[in-house]
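Single-letter residue listing:
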Amino acid sequence: DSGVTQTPKHLITATGQRVTLRCSPRSGDLSVYWYQQSLDQGLQFLIQYYNGEERAKGNILERFSAQQFPDLHSELNLSSLELGDSALYFCASSQGQGIYEQYFGPGTRLTVT
Amino acid sequence: SQKIEQNSEALNIQEGKTATLTCNYTNYSPAYLQWYRQDPGRGPVFLLLIRENEKEKRKERLKVTFDTTLKQSLFHITASQPADSATYLCAFLSSGSARQLTFGSGTQLTVLP
């Protein structure tokens, strides 16, 4: 158990809908990262927050947004969902920024029908 | 663009042998590399971090090497066991303002009993 929690575990929704994925980092970790993993793309970095502020952005679509709250939990919002958004979404946390190992949560499996 | 490649999609070896996985990178000279293990449907688990000034690092049956001349990292599992069967990912921290972890596509290792 990495200490990172993600909810929900599974999510099935229709195209055009909006969903929110939630992540609680390990106790004491200030950085939260979001990744998307699909079969054909591998593990893709989406966005990073550090202590409530956005610090790095990867190939995150404009339809996706995230935030980190004062209690350090984070939410990833996915809107106008398309079939191609079906994937595993992982949250990871680390102690700081940069050269730290990342601890991954169990993931949320999103299926868009 | 910065690229990281794991040049074996799948590797099958006999129990007790040493598994060697390769990670190559191009257009970049990372200061360090990380290796993760991922089991199906689960989040990656951090294994080892090696810095550019460390030629080799060990942890129990795991050994990682980092050759900055060849732009390559090798990951070894000695005395392999069926429980070592998983996908192994290498990753480096990209340069520039968006310092994100870039992951390779992974090598799926199967240790046959």
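Up top is the structure these notes are about.
Residues numbered from 1 in each chain as written. Chains lettered and ligands numbered in written order. Predicted model: local features only at pLDDT ≥ 70, side-chain atom pairs only at ≥ 80, totals over all residues. Heavy atoms only, no water.

1. Some thoughts on the pairing of strand E2 (residues 10-13) of chain A
Residue and element names in this part refer to chain A. The condition is simple: Working definition: with a 1.4 Å probe on protein chains only, accessible area under 20% of the residue-type maximum means buried, over 50% means exposed, and in between means partly exposed. A run of DSSP states H or I qualifies as a helix once it reaches four residues; a run of E qualifies as a strand once it reaches two. Both are numbered from the N-terminal end. When DSSP finds two or more bridges between two strands, those strands count as paired.
Burial of the side chains of E2 is restricted to one face: Leu11 and Thr13 are buried, whereas none of His10 and Ile12 on the reverse face is. As defined by bridge partners, E2 adjoins strand E11 (residues 108-112) across 4 bridges and the pair is classed as parallel. Directly across from Thr13, in E11, lies its bridge partner Val112.

2. Examining the side chain of Asp84 of chain B
All names here are of chain B. Put simply, the test is: In the analysis that follows, any N or O atom pair within 3.5 Å is treated as a polar contact, provided that within protein one partner can donate a hydrogen and the other can accept it, and provided that, for residues neighboring in sequence, both atoms belong to side chains. Residues count as neighbours in contact if any of their non-hydrogen atoms are within 4.5 Å of one another.
Its location among the elements puts Asp84 in the loop between strand E8 (72-77) and strand E9 (86-93). A distance of 2.9 Å separates a polar atom in the side chain of Asp84 from a polar atom in the side chain of Arg61. Those residues in contact with Asp84 that sit more than four places away from it in its chain are Arg37, Arg61, Ile77, Ala79, Leu109 and Val111.

3. With respect to the pattern of salt bridges
Note the cut-off: Each reported salt bridge corresponds to a side-chain nitrogen of Lys or Arg within 4 Å of a carboxyl oxygen of Asp or Glu.
Scanning the model with the defined rule gives 10 salt bridges over all chains in all. Arg63 of chain A is the salt-bridge partner of Asp85 of chain A, the closest N and O atoms lying 2.8 Å from each other. A residue pair is termed long-range when its members are at least 10 positions apart, and Asp85 of chain A in the loop between strand E8 (74-78) and strand E9 (87-94) and Arg63 of chain A in the loop between strand E6 (53-57) and strand E7 (64-68) qualify at 22 residues. Classification of Asp85 of chain A as buried rests on a relative accessible area of 3%. Here Arg63 of chain A falls in the buried class, since its relative accessible area comes to 18%. Measuring nitrogen to oxygen at the nearest pair gives 4.0 Å for the salt bridge that ties Glu56 of chain B to Lys63 of chain B. When salt bridges with common partners are traced through the structure, they connect Arg63, Glu82 and Asp85 of chain A into a single cluster.

4. Examining the interface of chain B and chain A
Formally: As a working definition, buried area equals the accessible area (1.4 Å probe) given up by two parts on being put together, with both sides summed. Classes in brief: Ala, Val, Leu, Ile, Met, Phe, Trp, Tyr, Cys and Pro nonpolar; Asp, Glu, Lys and Arg charged; the others, Gly included, polar.
Residue-level contacts link 19 residues of chain B with 20 residues of chain A. In total, chain B and chain A occlude about 1400 Å² of area from one another, counting both sides; carbon and sulfur atoms represent 60% of this. For the chain B face of the interface with chain A, the top three residues by lost area are Pro44, Gln100 and Phe103 of chain B, together amounting to 27%. Seen at the junction of chain B and chain A, the total is 3 residue pairs in polar contact (both at pLDDT 80 or more). Elements represented by at least two residues in the side of chain B that touches chain A include exactly strand E4 (32-38), strand E5 (45-51), E9 and strand E10 (101-103) of chain B. Here the side of chain B that touches chain A takes 4 residues from E4 of chain B, the largest share from any one element. Classifying every residue of the side of chain B that touches chain A by side-chain character gives 10 nonpolar, 6 polar and 3 charged.

5. Let's talk about the layout of surface pockets
Quick reminder of the rule: Of the two site types, the cavity is a set of points on a 1 Å grid over the protein atoms alone where a 1.4 Å probe fits but cannot get out, and the pocket is an open set with protein on both sides within 12 Å along at least five of seven lines, each lined by residues with an atom within 4 Å of a point. Grid points are joined across faces, edges and corners, and a volume is the space filled by probe spheres set on the points.
Put simply, the largest pocket is a space of about 940 Å³. Lining the largest pocket are 35 residues, with Gln37, Ser38, Gly42 and Leu43 of chain A together with Ser105 of chain B sitting closest to its centre. Among the secondary structure elements, those contributing two or more residues to the lining of the largest pocket are strand E4 (31-38), strand E5 (42-50) and E9 of chain A together with E9, E10 and strand E11 (107-112) of chain B. In terms of residue class, the lining of the largest pocket is built from 11 nonpolar, 19 polar and 5 charged. Its boundaries defined by the atoms lining it, the second largest pocket holds a volume of some 460 Å³. Together, 21 residues line the second largest pocket, and Phe104, Gly105 and Pro106 of chain A together with Arg42 and Gly43 of chain B are the ones closest to its centre. For the lining of the second largest pocket, the elements supplying multiple residues, two or more each, are strand E10 (103-104) of chain A together with E5 of chain B. Residue composition of the lining of the second largest pocket, by class: 8 nonpolar, 8 polar and 5 charged.

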